[in-house]
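Chains, contacts and geometry: an overview
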Amino acid sequence: MTDFTALGVKDIRDGVAGGSFTAREVAESFNAAVEAAASLNAFIVTTPDHALAAADAVDATRAAGKDLGAMAGVPIGMKDLFCTNGVQTTAASHILEGFTPQYESTVSQNLWDAGAGMLGKLNLDQFAMGSSNETSYFGNVSSPWRKEGSNAAMSPGGSSGGSSTAVAARIAPAATGTDTGGSIRQPAAFTGICGIKPTYGRCSRWGVVAFASSLDQAGPMARSVEDCAIMLEAMAGFDPKDSTSLQMDVPNWEAALSADLKGKKVGIPREYRMDGTDEEILKSWEQGKAWLRDAGAEIVDISLPHTKYALPAYYIIAPAEASSNLARYDGVRYGLRDLPEGAGLQDMYAATREEGFGDEVKRRVLIGTYVLSAGFYDAYYNQAQKVRALVARDFENAWAECDLVLAPTTPTASFPLGDKSDDPLAMYLNDVFAVPASLAGLPAMSVPAMLNADGLPLGLQLVGKAFDEQGVLNAGLAIQQRAGFDAKPEKWW
Amino acid sequence: MSSYRIQGATGEWEVVIGLEVHAQVTSHAKLFSGASTEFGSEPNCNVSLIDAAMPGMLPVPNAECIRQAVRTGMAIEAQINKYSRFDRKNYFYADLPQGYQISQLYHPIVGEGQLLIDADEKGGIPQDKVIGIERIHVEQDAGKLMHDQHPTMSYVDLNRCGVALMEIVSKPDMTSPAEAGAYVRKLRSILRYVGSCDGNMEEGSMRADVNVSVRKVGDPELGTRTETKNVNSVRFVMQVIEHEANRQVDLIEDGGTVVQETRLFDVASGTTRSMRSKEDAHDYRYFPDPDLLPLELEDSFLDECRASLPELPDAKRARYESELGLTPYNARELTAEVETFARFETLLGATASAIGKPEKAVATQVANWSLSVAPGVMKSLGDEANPANATAEAQASILKMQDAGEISGGQAKEIYEIVLRDGRAPDEIADSEGLKQVSDTGAIEAAIDAIIAANGDKVEEYRGGKDKLFGFFVGQTMKAMQGKANPAVVNQILKGKLDG
């Protein structure tokens with residue numbers, strides 16, 4: 001059996017369409033790789049039959065001479081936050097263990113409609129709350145990367161840690177992610193892959209287990225900018241079932257990809273030069289500037305003055321929304337129910353939620369409940385909303401001077417599992433560079449830049465104007481071409 | 001001012017009342033889901049994935065519900081807020097799958113408006129009174145718990161869950177049970193005119209939270225209020241106020257204090273009891289629903305809403321008086337309910353065209369018929385009446401014969417009875433049942449002559465000045481004519497013969 005697992009989305013799509021190989025061969029190859037990589041714990045459930053059925057349908061369509069979809073023949077990993085019809089959907093929680101939706105999320109349906117198949121449901125931080133993939137009820141995900149000279153299991157980032165691991169380990173050519181405050185970009189950076197969070201509203205949230213509704217946004221994770229463009233195009237689109245969905249046509253991003261940045265101005269926000277940022281990260285940032293300049297862009301210094309308030313505001317708004325969004329997991333209609341002998345309704349709620357939610361989820365529900373409480377609402381939630389508006393305005397002002405922002409994706413490279421799990425604040429700091437774009441609802445992407453001295457990947461982040469995914473992808477492509485990042489983790493699993 | 005007072009041991013007390021009326025919006029689908037709103041379906045048959053709060057489900061506003069709320073706001077002359085938004089009211093209960101109710105706390109769709117309650121001397125409302133309305137907001141209804149299906153468990157029916165409600169909040173402008181009753185009746189009438197709520201209180205389409213406080217007459221400070229929840233009839237609203245006001249006065253006069261609390265009304269005893277006090281009131285943690293964008297209403301939408309409004313009760317009533325010349329009483333009675341004015345207007349048109357006179361000329365006759373004669377006949381027949389026979393055509397035909405003097409008022413009733421029972425045509429009944437007045441002067445004259453001859457003494461007394469006896473002669477004549485004589489002709493001939 002030929003091994004197709006080195007191929008990405010575009011290669012597979014074009015190979016299947018051109019008849020170089022069949023979709024079934026590709027699906028079988030990835031199914032086998034998934035099975036062999038169980039020790040990474042990237043998947044909560046695997047769905048080889050789904051991948052095969054989709055592949056067979058594509059092969060049949062091609063045989064019949066009919067048009068193939070944009071993702072035809074590409075088997076992907078689906079973050080287990082997307083509801084999938086007939087396939088268990090858990091959000092990596094105990095409270096939803098065994099929950100099998102009778103409906104398909106809009107984004108996953110769009111992908112199936114485009115000819116993709118599903119290898120399985122990917123592990124994540126529980127309810128997408130976490131930055132290291134250590135809060136899953138189904139166990140940590142191990143990054144395929146290791147520090148040079150160490151066998152310590154490394155974090156794949158979070159919350160889309162199953163997605164980043166699967167793509168980096170070549171057990172999936174691409175995967176869906178969701179990004180609330182960096183959950184696509186940070187894991188992409190940690191694992192040397194690409195990931196884009198589009199403008200808020202590009203991808204429907206219908207059927208995606210909600211974490212923080214005003215921030216949640218789905219996006220693709222893959223190994224190249226081109227692959228991200230292709231997959232995002234398949235995922236995005238107006239959905240009347242989501243009131244916050246953008247009523248706009250989806251551009252043909254792939255066709256318009258261009259690494260020529262002449263006439264573009266790239267802003268370097270001085271406030272992102274924070275204490276505690278790794279020297280090598282700063283070095284990669286300098287390198288990024290050089291690459292973009294080389295691609296024809298002009299580099300300009302800009303100010304995003306409210307940056308330092310973004311993270312605290314995020315950690316008020318996101319938990320506030322989460323505390324309300326997660327109220328539906330109450331043991332009444334589906335999922336876990338813990339009904340102690342003689343218990344009343346309130347006892348059932350307490351027991352079910354005590355048993356069903358992990359510590360990090362409980363922490364955020366408590367924070368969210370607190371900041372929305374009578375007497376604290378103005379001081380926390382309202383204040384945070386004002387900060388959010390100021391952060392968004394910072395970007396609006398910046399667009400007078402530049403077309404894009406270049407920044408590091410994360411303040412450090414990946415860290416060993418367990419390193420920060422006892423220190424939530426240190427963990428939250430992982431998202432310091434990612435959160436502003438989330439609060440502002442802007443498209444943002446991480447592309448791999450280089451390896452650090454430990455042999456771990458570092459990512460660079462591009463933030464664009466609302467709806468300008470094209471500008472972000474193009475700059476990403478310019479970096480990709482110049483970085484020539486082709487490092488891959490040595491297989492140890 | 002209302003003169004409603006509670007006589008306490010320490011003096012006179014007045015009552016301050018505010019009402020929050022929850023009115024179910026008339027629409028086929030729920031506020032944020034496509035599920036049906038039909039009443040009386042099997043439990044959990046009208047439930048969408050959204051209503052059941054399945055993971056990842058999102059609300060999408062139903063434009064018809066928004067339209068109905070706006071039209072209602074316009075009907076109470078309220079400010080329509082072109083910008084409004086939805087907030088989440090968070091609390092846990094088994095009839096609330098999301099764990100929050102989507103409501104509008106901070107930016108309601110309808111702002112201040114007003115409603116006129118009509119003077120009702122007998123009912124204790126000496127003059128018309130304007131009651132202020134604070135706001136109308138739109139929100140989701142909850143489901144229903146059923147505690148009688150299982151010995152140890154409760155069942156949940158989510159059919160009603162997510163149905164659109166308008167919460168119509170009055171100002172604390174009412175000062176007697178009668179005013180509160182009149183307010184609810186008038187509000188119900190307006191909602192039904194507008195068609196935004198069916199006003200069916202038995203089915204729970206309309207229910208009120210009743211806020212009551214008391215204070216010494218003349219005291220500028222408001223007392224502490226209690227809120228009695230989910231009162232579902234006008235009579236109960238009045239009972240709650242009566243009971244609460246007296247309970248609060250007794251409590252204060254006995255040295256106690258009124259606690260701000262939520263109370264429940266017990267229909268059987270006509271009393272209220274505490275449900276929860278302010279201390280254990282929920283902290284609802286309201287915040288803007290991040291799943292929903294703010295509602296921004298366009299002028300064209302508002303124009304359409306306004307254009308679609310029917311003539312409303314106050315305007316209709318004024319027109320009935322000024323254009324149709326009806327008495328204030330008739331005008332009020334005819335305009336109180338949608339069905340009443342609809343029947344009246346249909347019959348008025350049919351009668352005017354049958355008789356060939358303008359509507360104004362026959363309006364009083366039709367009004368009296370509609371308000372008193374026709375309902376009286378219908379009531380006396382009970383089950384024997386087939387309401388389907390009460391067509392405007394048949395009634396107009398009776399009124400036409402009456403207008404022409406062909407039948408008397410009594411005969412009209414008799415004919416209508418037969419119409420209601422058998423559905424036969426009124427003219428045919430009048431002919432074949434002999435229910436027509438005799439206007440033949442010869443026959444009437446003969447009868448009168450005989451009566452005058454037989455009652456010489458009475459004739460003398462009458463001519464001697466005892467005018468009242470004229471009625472006696474009319475009665476005798478009608479009796480002799482078996483009630484079929486045209487009274488006008490009888491009067492005319494009698495006058496001639498007695499006075500001449």
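Here, the structure is the one placed above.
Notes on the structure in this doc start here. Note that residues are indexed from 1 along each chain, following the sequence as it is written. Numbering of ligands from 1 and lettering of chains from A proceed in the order in which they are written. Given that the model is predicted, a residue must reach a pLDDT of at least 70 before its local features are reported, and side-chain atom pairs must reach 80 or more before they are shown or counted; all residues, however, enter totals for whole chains, interfaces and linings. To obtain the side-chain values, all non-hydrogen atoms of the structure were used and water was disregarded.

**Digging into the overall build of chain A**
Cut-off, in case you're wondering: Numbering of helices and strands runs from the N terminus; a helix is a DSSP stretch of H or I covering at least four residues, while a strand is a stretch of E covering at least two. Within these notes, the globule rule equals 2.2 Å times the number of residues to the 0.38 power, and the radius of gyration is based on C-alpha atoms. Categorising residues by exposure relies on relative accessible area from a 1.4 Å probe, with only protein chains included: less than 20% of the type maximum marks a residue as buried, more than 50% marks it as exposed, and the intermediate range marks it as partly exposed. Contacts are residue-level and defined by heavy atoms, with any inter-residue pair within 4.5 Å sufficient. Here the open area of atoms and residues is found with the Shrake-Rupley method and a 1.4 Å probe, where only the protein chains shown may cover a residue.
Looking only at helices and strands, chain A features 15 helices and eleven strands. Computed over C-alpha atoms, the radius of gyration of chain A comes to 21 Å, within 12% of the 23 Å expected from 2.2 N^0.38 for 493 residues, which places it in the range of a compact globule. Residues counted as buried form 64% of the 493 residues belonging to chain A. The contacts in chain A between residues at least 6 apart in sequence include a share of 77% that link residues at least 24 apart. Accessible surface for chain A amounts to roughly 16500 Å². Of this, 49% is attributable to carbon and sulfur atoms.

**A few points about the overall build of chain B**
For the record, the criterion: None of His or the chain ends enter the tally, which takes Lys and Arg as positive and Asp and Glu as negative. For the purpose of locating charges, the reference atoms are NZ of Lys, CZ of Arg, CG of Asp and CD of Glu.
From N to C terminus, chain B includes 15 helices and 16 strands. Here chain B has a C-alpha radius of gyration of 30 Å; the compact-globule value for 500 residues is 23 Å, and the former is much larger. With the C-alpha coordinates of chain B rotated into their principal frame, the extents come out at 95 × 55 × 55 Å. When the 500 residues of chain B are sorted by exposure, 50% land in the buried category. Long-range contacts, defined here as pairs at least 24 residues apart, represent 68% of the contacts in chain B between residues at least 6 apart. Surface exposure of chain B reaches about 22400 Å², of which carbon and sulfur atoms provide 50%. Separation between the mean location of the 52 positive side-chain charges and that of the 76 negative ones in chain B comes to 2 Å.

**Considerations on a nonpolar patch on the surface**
As a reminder, the rule being used: What goes into a patch is any residue over 30% in relative accessible area without a salt bridge, connected to like charges within 9 Å or, for nonpolar side chains (Val, Leu, Ile, Met, Phe, Trp, Tyr), within 5 Å. Put simply, a salt bridge is a Lys or Arg side-chain nitrogen that is within 4 Å of an Asp or Glu carboxyl oxygen.
Where nonpolar side chains cluster on the molecular surface, the patch consists of Leu339(A), Met153(B) and Tyr155(B) and spans about 280 Å² of accessible area. Mapped onto the elements of the fold, Leu339(A) is located in the loop between helix H9 (307–325) and helix H10 (345–356). Looking at Leu339(A), the relative accessible area reads 40%, which means it is partly exposed.

**Things to note about unusual backbone geometry**
In this structure, Ser159(A) follows Gly158(A) across a cis peptide bond, with omega equal to 5°. One can find Ser159(A) in the loop between strand S3 (117–122) and helix H5 (161–168). Unlike most non-glycine residues, Ala92(A) shows phi in positive territory, near 60°. For Ala92(A), the position within the fold is in the loop between strand S2 (75–79) and helix H4 (106–113). Its identity is not glycine, yet Asn230(B) carries a phi of approximately 55°, on the positive side. Relative to the helices and strands, Asn230(B) resides in strand S12 (residues 226–231).

**Details of the sheet that holds strand S4 (residues 87–90) of chain B**
What counts here: DSSP bridges decide pairing: two strands pair if at least two such bridges lie between them.
Here three strands make up an open sheet; going across it, the order is S5-S4-S15 (chain B) and the pairing antiparallel. A single partner strand is all that each edge strand has here, and the edge strands are strand S5 (100–103) and strand S15 (287–288) of chain B.

**A closer look at the layout of surface pockets**
Condition: Using only the protein atoms, space was sampled on a 1 Å grid; points where a 1.4 Å probe fits but cannot get out form cavities, open sets with protein on both sides within 12 Å along at least five of seven lines form pockets, and lining residues are those with an atom within 4 Å of a point. Grid points are joined across faces, edges and corners, and a volume is the space filled by probe spheres set on the points. In this classification, Asp, Glu, Lys and Arg are treated as charged, Ala, Val, Leu, Ile, Met, Phe, Trp, Tyr, Cys and Pro as nonpolar, and every other residue, Gly included, as polar.
For the second largest pocket, the calculated volume is near 530 Å³. Every residue lining the second largest pocket is counted, 25 residues in all, and those nearest its centre are Tyr200(A), Ser214(A), Arg388(A), Pro290(B) and Leu293(B). Elements represented by at least two residues in the lining of the second largest pocket include exactly helix H12 (378–398) and helix H14 (435–440) of chain A. The dominant element in the lining of the second largest pocket, judged by the number of residues it contributes, is H12(A), at six residues. Of the residues belonging to the lining of the second largest pocket, the class tally is 15 nonpolar, six polar and four charged.

**Description of empty space enclosed by the protein**
Within the structure shown, the criterion is met by six cavities of 30 Å³ or more. Of the voids in this model, the largest cavity is the one considered here, and its volume is about 70 Å³. Taken together, Thr178(A), Cys203(A), Ser204(A), Arg205(A), Val208(A), Val209(A), Ala210(A), Asp216(A), Gln217(A), Ala218(A) and Leu58(B) make up the lining of the largest cavity. Tallied by class, the residues present in the lining of the largest cavity amount to six nonpolar, three polar and two charged.

**Description of the environment of Ile76(A)**
Residue and element names in this part refer to chain A. When you line up the elements, Ile76 lands in strand S2. When its relative accessible area of 0% is taken as the criterion, Ile76 is described as buried. Here the alpha-carbon distance between Ile76 and Ala188, two residues 112 residues apart in the chain, equals 16 Å. Contact partners of Ile76, with chain neighbours within four places excluded, come to Met71, Leu111, Trp112, Ala116, Gly117, Met118, Leu119, Gly120, Ala174, Thr176 and Met231.

**Regarding the packing of aromatic side chains**
Definition in use: Classification of ring pairs uses Phe, Tyr and Trp, with its six-membered ring standing for Trp, and accepts pairs whose centres are within 6.5 Å; under 30 degrees between planes counts as stacked, over 60 as edge-to-face, and the remaining range as tilted.
For the coordinates displayed, the defined rule picks out 30 aromatic pairs over all chains. Where Trp492(A) meets Trp493(A), the ring centres are 5.7 Å apart and the plane angle is 85°; that geometry is what we call edge-to-face. For Trp493(A), a relative accessible area of 16% gives the class buried. Consider the rings of Tyr284(B) and Tyr286(B), whose centres lie 6.2 Å apart with planes at 70°: the pair is edge-to-face.

**Quick word on the nonpolar core**
Spelled out, the test is: The set of buried Ala, Val, Leu, Ile, Met, Phe, Trp, Tyr and Cys residues whose side-chain atoms join them within 4.5 Å is what this entry labels a nonpolar core.
Formed by 169 residues in total, the largest nonpolar core has its most connected members in Met71(A), Ile76(A), Leu111(A), Phe127(A) and Leu292(A). Of all the elements, H9(A) adds the most residues to this core, at ten residues. Listed in part, the 104 residues of the second largest apolar core include Cys65(B), Ile80(B), Val362(B) and Trp369(B).

**Here we look at the environment of Leu334(B)**
Residue and element names in this part refer to chain B. Along the chain, Leu334 turns up in helix H6 (residues 328–335). Sequence separation between Leu334 and Pro177 is 157 residues; the distance between their C-alpha atoms is 24 Å. Other than its neighbours up to four places away in sequence, Leu334 contacts Tyr320, Leu326, Thr340, Phe341, Phe344, Ala367, Ser370 and Leu371.

**Some details on helix H12 (residues 441–454) of chain B**
Residue and element names in this part refer to chain B. Threshold: A helix is expected to reach a length of 1.5 Å times the quantity of its residues less one. This arc describes the spread of directions from the helix axis toward the C-beta atoms.
For H12, with 14 residues, the first-to-last C-alpha span of 20 Å sits near the 20 Å given by 1.5 Å per residue. Regarding H12, the residues found buried are Ile444, Ala447, Ile448, Ile451 and Ile452. For H12, the angular spread of buried residues about the axis comes to 135°, placing them on one side. Turned more than 90 degrees off the buried face of H12, the exposed positions are Ala453 and Ala454. Residues of H12 that are buried make contact with helix H13 (456–463), helix H14 (469–480) and helix H15 (487–499).

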